[in-house]
Amino acid sequence: MEGTTNGQRPAVELAGVVKRFGDRSGTEVTAVDDVSLTIGDGEFFSLLGPSGCGKTTTLRMVAGLELPTAGSIRIHGEEMGLRPPNKRPVNTVFQSYALFPHMTVAKNVGFGLEMRRVPQSERRALIDEAIELVEMGSMAHRKPAQLSGGQQQRVALARALVNRPEVLLLDEPLGALDLKLRHQMQVELKNLQREVGITFVYVTHDQEEAVTMSDRIGVMDDGRLLQVDTPEAIYERPSTRFVADFIGQTNFLEATVAGPTEVVLANGDRLRLASDHPAGAAVAVTVRPERLTVHRRGEAPADRHTVDGCVESVTYLGNAVIYGVGVDWMHLEVRCPATLAGDRRSVGDDVTVSFEPEHVALVTG
Amino acid sequence: MSKGVAKSTAEPQGASRWLLRGHSAAVFAFFYAPIVVLCIFSFNDSNAVGNWNGFTLGWYEELFGNDNIQSSIWVSVKVCVASTVISVVLGTAGALALERFRWWGQKAFDAVLYLPIIIPDVTMAVMMLVFFNETASWFNVIPGINLQNGLEKLVFSHVAFNISFVSVVVRARLANLDASMEEAAADLYANRWQAFRRVTLPQIMPGVIGGALLAVTISLDDVVVSSFVAAVGGTPLSVYVFGMLRKGVSPLVNSVSVVMLVASMALVLASLVISRATGSGREER
Amino acid sequence: MAVDAPARPPDGEPPVLEETAEVDTPGLEREAERAKARQGFLLGLPTIVYLLVFFVVPLGFVVAYSFATRTRSGRTELRDFNLDAYARLGDDIIMTVAWRSLWMAVVATLICLVLAYPLAYYISTRSPTVRNLMLVGVMIPFWSNFLIRTYAWRVLLDSDGLVTQAFEFIGVGDGRILFTSNAVILGLVYGYLPFMVLPLYAAIERIDWNLVEGARDLYASGWSAFRRVVWPLSRPGVIAGSILVFVPSFGAYVTPAILGGNKEGLLGSYIVLQFLSARNGPVGSAVSVVVLVVMLVATLVYFRTGGKNL
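Model, not experiment: these values are computed from the prediction.

## Notes on the overall build of chain C
- The helix and strand inventory of chain C stands at 13 helices and 2 strands.
- Counting all 310 residues of chain C, 49% fall into the buried class.

As structure tokens, then:
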């Protein structure tokens, strides 16, 4: 599922890909800055990042809609080079769906087959199969204008999948849907991908979406690829401050590296934490809110690292309670399972916040 | 954000409402009264124009029997069709080149493309007259082209200003098109020509047809340029009528006018019908 | 910095990083872009060539003519370039004609504005169906032949015409306005009124009526709300419409020819005169060039004040 398996060539390989946009007046923008990654066959891979981070540009380069300024892109080992999109074994699901308004659903879905001169009889069977796959069987003769957003999205999917591409590229396809539909479609897409076994490369800015659906995620910011890992690894062991901050919520404890196994927090506390960074390097210790526990002052167990502070805010979320705890030099956010009102701390309480050293990650940047 | 139909506060109240209604009715009467009067008097059995003297179809009979008028109509039709076809092809190609590509000199071309729209027709007429005068010898070298007696000068001139009108209309339509559709076509294995023919063209068709109709109207309407470049014996109807008008008002002109009006209306209706048909999305095959 | 964090597959084997055969793409990307640019250029080439030959060159000729020499026999010869023709532009005749044209164009524009504004406002307050019907109703006269429409007024204004008779009937002075400047102005207004209605309607239709409601909410009266909110917001339409009426009116030829007789010579008629009767190519060309420059300036003003495409 990840990397190379069974000696098969990886589905997508990007090596040193750079994309620079510039106009003649000299202002240049580097949209994609030296991105290299490998996507395995049959993998559901997401490119995740904020708007403008270059993820869509990267996707478009794989599709052939943009040409890289430098670097190479290979699909199953074959160098794509300057090949235009109509000569690449990939298909794209566009953010706006880009369905052809003057054609019926069936004609839309069959367009790629027509362009590849698949004979009519074969086409019909393939189109029907694809339309059934996305559960749009009864709508084959409708036009896009007569469909809802979710239905159009399925047609766009069918139109791409019917061509059995080696890689399917999806550019924020669920962005225009409302929340409930989006969650539903996420599950459906994931199942679909498992069913057809095609490699999916999915672009999104919604970290929840990426974490839910992907086998692996590539986090990008400002044109650079920051970390490529499974959702769990990215969540538990983010490599940079940006990644830690972008995925879920987290706390940052500023610290300095004291030695190979120790860091010193800003308040002087010492923490046992292994790292490769040189002594004196400025780092941050990240702890997820749900890894922190709040105790009455002095009641924390001994094998956990503790910090003393005072409750500044209590937010009740129904299934959880968020405490904002002020400690000497900063503010910590702690997420606790919902407790009965009697057990809860209140604003002004003196408390001790504790965590296990294994549950933190060290980041730079 | 309520745009479009003005809501309650904009709806004129009381006296102003009736003033507005009356005003609008008056303006519409102003628009149509002369045309209506013209139609009525084309049936007037009298040589003078003012007084009603009885109903007659005589003027129409004379119109259809008049050889000069018939040949003028024929000239107008030929010039109109030829110039429309050429200007639609060139105008659409120009619109595509400007909207879908970026190349050196594009801005200059864009500016030049606007000139024929704003240029006064007198200046245009002068330009073409002078041009053909100076270059007649060059053109006549080309076999088949006979500037002296043929309709070439008319066609060339009409195309010269119609390209811009067609181009403006098609560009407006192109600009509204979702560019990702052409990308989708490419993604689905279509080459540039296939993408154009199967995806772009069907969607700009209303624009192309609108541009064509505009070209037809302008070509038939044109008086000044045509009168400057018309060759002997190749007089379009508008120029012929103009000549008649200088000589004086004649009821014959009325009947010609009515025929021309009816033709224009028919064209407008046809365009509305066609745009309805293509707008609602012709089913592909 | 290339970052390719290896995943942690259960068997602990890091994925193989193949040798990257880096294609020299900077140059290739540019070449691909250039190829596309070439395609676009070729696509537009026939049109470009056509306009160059049949528009730019003729324009060049006219400009050249304006500096050329007129022989005794009335032919224009492209030699001994001079500014004689332009010097003639200061002549009384031309000045009179020019001012008259300017004045008539301005008056026609103003009348169009007064007539069109309430109409455009009224249309925009109707329901969508009625609105479309009314707009089509405005467009139909525009689509019919300009010559004929102007001629229709000739019929009406003729000495035996209906309008003349009506005037006499009512007793409002001399109804024979044919062949006077008033007739020409009437013809210009009639011919170009749709050009004022449509941009005005487009601008008014775009106004956010919440602003008007807001003004009302702040105790503005209907008229005051109009003056302070609607009118300023509709200004782009006013400017667009004004230019669309002024430009053709200024260079009009057909309308004055039909309704003005030969007395009320305007610039258009003057130019034609120079070429056909007076056989003075240079002067005719010089005046044409001046008219063209005026139009260009007016259009630039239109675009500068944020006007959209025609």
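## Section: the environment of B:Val155
- Inspection of the secondary structure assignment puts B:Val155 in helix α6 (residues 152-175).
- Each C-alpha atom of the pair B:Val155 and B:Ser226 lies 9.4 Å from the other, and the pair is 71 residues apart in sequence.

## A few points about the interface of chain C and chain B
- Tallying the contact residues gives 89 residues for chain C and 94 residues for chain B.
- The junction of chain C with chain B conceals about 8,400 Å² of combined surface from both sides, 76% of it contributed by carbon and sulfur atoms.
- On the chain C side of the contact with chain B, C:Phe55, C:Trp143 and C:Tyr151 bury the most area, a combined 9% of that side's loss.
- Our count for the chain C to chain B interface comes out at 0 salt bridges.
- Inspection of the region where chain C meets chain B yields 8 residue pairs in polar contact (both at pLDDT 80 or more).
- Of all the elements, helix α1 (residues 25-66) of chain C adds the most residues to the side of chain C that touches chain B, at 22 residues.
- For the side of chain C that touches chain B, the class distribution of residues is 62 nonpolar, 17 polar and 10 charged.

## Some words on α6(B)
Residues and elements named next belong to chain B.
- If you check α6, its first and last C-alpha atoms are 34 Å apart, about what 24 residues at 1.5 Å a residue would give, namely 34 Å.
- Roughly 30° is the biggest bend found in α6, and it falls at Asn162.
- In terms of residue burial, α6 counts as a mostly covered element, since 20 of its 24 residues are buried.

## Here we look at the packing of aromatic side chains
- Throughout the structure, instances matching the rule amount to 21 aromatic pairs over all chains.
- Note on B:Trp193 and B:Phe196: the rings are 5.8 Å apart at their centroids and 35° apart in plane angle, and the pair reads as tilted. One end of the pair is B:Trp193 and the other is B:Phe196, both in helix α8 (residues 192-221) and 3 residues apart, which spans about a single turn.
- By relative accessible area, which is 56% here, B:Trp193 ends up exposed.
- Through a chain of ring-to-ring contacts, three or more aromatic side chains come together here, namely B:Phe131, B:Phe132, B:Phe156, C:Tyr50, C:Phe54 and C:Phe61.
- One cation-aromatic arrangement involves A:Arg116 over B:Tyr189; the distance from NZ or CZ to the ring centre is 4.9 Å.
- Positioned above the aromatic ring of B:Trp18 is the side chain of B:Arg21, whose terminal nitrogen or guanidinium carbon lies 4.8 Å from the ring centre.

## Concerning the nonpolar core
- In terms of nonpolar packing, the biggest core is built from 150 residues, with B:Val241, C:Phe54, C:Val254 and C:Val287 touching the most fellow members.
- Formed by 42 residues, the second largest nonpolar core is a distinct cluster that contains A:Leu14, A:Leu59, A:Leu225 and B:Tyr189.

## Considering the pattern of salt bridges
- The final tally for this structure, using the stated rule, is 20 salt bridges over all chains.
- Between A:Arg83 and A:Glu78 there is a salt bridge; the shortest N-O distance is 2.4 Å.
- Accessibility expressed as a relative area gives 25% for A:Arg83, which makes it partly exposed.
- Note on A:Glu78: relative accessible area 42%, which makes it partly exposed.
- One salt bridge in this structure joins A:Glu236 and A:Arg291, with 3.1 Å as the shortest N-O distance. Highlighted residues: A:Glu236 in helix α8 (residues 231-236) and A:Arg291 in the loop between β14 (282-287) and β15 (293-296), separated in sequence by 55 residues.
- By relative accessible area, A:Glu236 is classed as partly exposed at 23%.
- A:Arg291 sits in the partly exposed class, given a relative accessible area of 28%.
- The network of salt bridges with common partners includes A:Arg60, A:Glu66 and B:Glu183.

## Here's the deal with the environment of B:Arg246
- The topology assignment puts B:Arg246 in helix α10 (residues 237-247).
- Each C-alpha atom, one on B:Arg246 and one on B:Pro143, is 37 Å from the other, the two residues being 103 residues apart in sequence.

## Focus: the side chain of B:Ser255
- Relative to the assigned elements, B:Ser255 resides in helix α11 (residues 251-279).
- Ignoring sequence-local partners within four residues, the contact set of B:Ser255 consists of B:Ser42, B:Trp59, B:Tyr60 and B:Leu63.

## Quick look at the packing of helix α3 (residues 92-124) of chain C against helix α7 (residues 181-205) of chain C
Residues and elements named next belong to chain C.
- Packing of α3 against α7 leaves a shortest axis separation of 6 Å and a crossing angle of 40°. When the interaxial angle is binned, α3 and α7 end up oblique. As for how α3 packs across α7, the hand of that crossing is right-handed.
- Residue composition of the contact of α3 with α7, grouped by class: 25 nonpolar, 3 polar and no charged.

## Some remarks on the sheet that holds strand β6 (residues 90-93) of chain A
Residues and elements named next belong to chain A.
- In space, the 6 strands of this open sheet follow the order β6-β7-β8-β3-β9-β10, with mixed pairing throughout. This sheet does not close on itself; its edge strands, each paired only once, are β6 and β10 (224-229). Averaged over all pairs of adjacent strands, the angle between their axes in this sheet comes to 20°, without regard to strand direction.
- Where strand β3 (residues 44-48) and strand β9 (residues 216-221) come together, 4 bridges link them in parallel fashion. By the bridge assignment, Leu48 is partnered in β9 with Val219.
- In this fold helix α5 (residues 149-161) packs onto β6, β7 (167-171) and β8 (199-204), with an angle of close to 175° to the strand it touches most, β6.

## A few points about the sheet that holds strand β12 (residues 262-265) of chain A
All names here are of chain A.
- Strand order in the open sheet formed by 5 strands is β13-β12-β11-β14-β20, and the pairing between neighbours is antiparallel. Looking along the sheet, the strands with just one partner apiece sit at the ends: β13 (270-272) and β20 (360-363). Taking each pair of neighbouring strands and ignoring which way they run, the sheet shows an average axis angle of 40°.
- Note that β12 and β13 share 3 bridges and pair antiparallel. Bridging from a neighbouring strand, Val263 pairs with Leu271 of β13.

## Things to note about unusual backbone geometry
All names here are of chain A.
- Despite not being glycine, Arg117 shows a phi value in the positive range, around 60°.
- Within the secondary structure, Arg117 is located in the loop between α3 (111-115) and α4 (120-133).
- The backbone of Asp222 sits at a positive phi, close to 55°, despite the residue not being glycine.
- With respect to the helices, strands and loops of the structure, Asp222 is situated in the loop between β9 and β10.
- Relative accessible area serves as the criterion here: at 58%, Asp222 is assigned to the exposed category.

## As for helix α5 (residues 146-157) of chain C
Residue and element names in this part refer to chain C.
- A rise of 1.5 Å per residue sets the reference length of α5, with its 12 residues, at 16 Å; its end C-alpha atoms lie 17 Å apart and thus fit the reference within 8%.
- In terms of residue burial, α5 counts as a mostly covered element, since 12 of its 12 residues are buried.
- When α5 is considered as a whole, its buried residues turn out to be Phe146, Leu147, Ile148, Arg149, Thr150, Tyr151, Ala152, Trp153, Arg154, Val155, Leu156 and Leu157.

## So, the environment of B:Val253
- If you trace the backbone, B:Val253 turns up in helix α11.
- Sequence separation of B:Val253 and B:Ser42 is 211 residues, and the distance between their C-alpha atoms is 8.2 Å.
- Ignoring anything within four residues of it in the chain, the contact list for B:Val253 reads B:Val241, B:Met244, B:Leu245 and C:Tyr151.

## A few points about a positive patch on the surface
- There is a patch of like positive charges on the surface, built from A:Arg20, C:Arg30, C:Arg34 and C:Arg38.
- It is α1(C) that provides the largest number of residues to the positive patch, a total of 3 residues.
- Residue position: C:Arg38 is located in helix α1.
- A residue is classified by how much of its surface remains accessible, and C:Arg38, at 52% relative accessible area, is exposed.

What counts, and where the lines are drawn
Residues numbered from 1 in each chain as written. Chains lettered and ligands numbered in written order. Predicted model: local features only at pLDDT ≥ 70, side-chain atom pairs only at ≥ 80, totals over all residues. Heavy atoms only, no water. Helix = DSSP H or I, 4+ residues; strand = E, 2+ residues; numbered from the N terminus. Buried < 20%, exposed > 50% of the residue type's maximum accessible area, 1.4 Å probe, protein only. Contact = heavy atoms within 4.5 Å. Buried area = accessible area lost by both parts, 1.4 Å probe. Salt bridge = Lys/Arg side-chain N within 4 Å of Asp/Glu carboxyl O. Polar contact = N/O pair within 3.5 Å; in protein donor to acceptor, adjacent residues only side chain to side chain. Nonpolar A, V, L, I, M, F, W, Y, C, P; charged D, E, K, R; others polar. Expected span 1.5 Å × (residues − 1). Bend = angle between axes of the 7 residues up to and from the residue. Phe/Tyr/Trp six-rings, centres within 6.5 Å; stacked < 30°, edge-to-face > 60°. Lys NZ or Arg CZ within 6 Å of the ring centre and 35° of its normal. Core = buried A, V, L, I, M, F, W, Y, C linked by side-chain atoms within 4.5 Å. Axes fitted to C-alpha atoms, helices over the stretch in contact; angles between N-to-C directions. Parallel < 35°, antiparallel > 145°, perpendicular 65-115°, else oblique. Left-handed = near helix turned anticlockwise from the far one by under 90°. Pairing = 2+ DSSP bridges. Patch = residues over 30% accessible without salt bridge, like charges linked within 9 Å, V, L, I, M, F, W, Y side chains within 5 Å. Areas by Shrake-Rupley, 256 points an atom, 1.4 Å probe, with all protein chains shown as cover. Lys, Arg positive; Asp, Glu negative; His and termini not counted. Charge placed at Lys NZ, Arg CZ, Asp CG, Glu CD.

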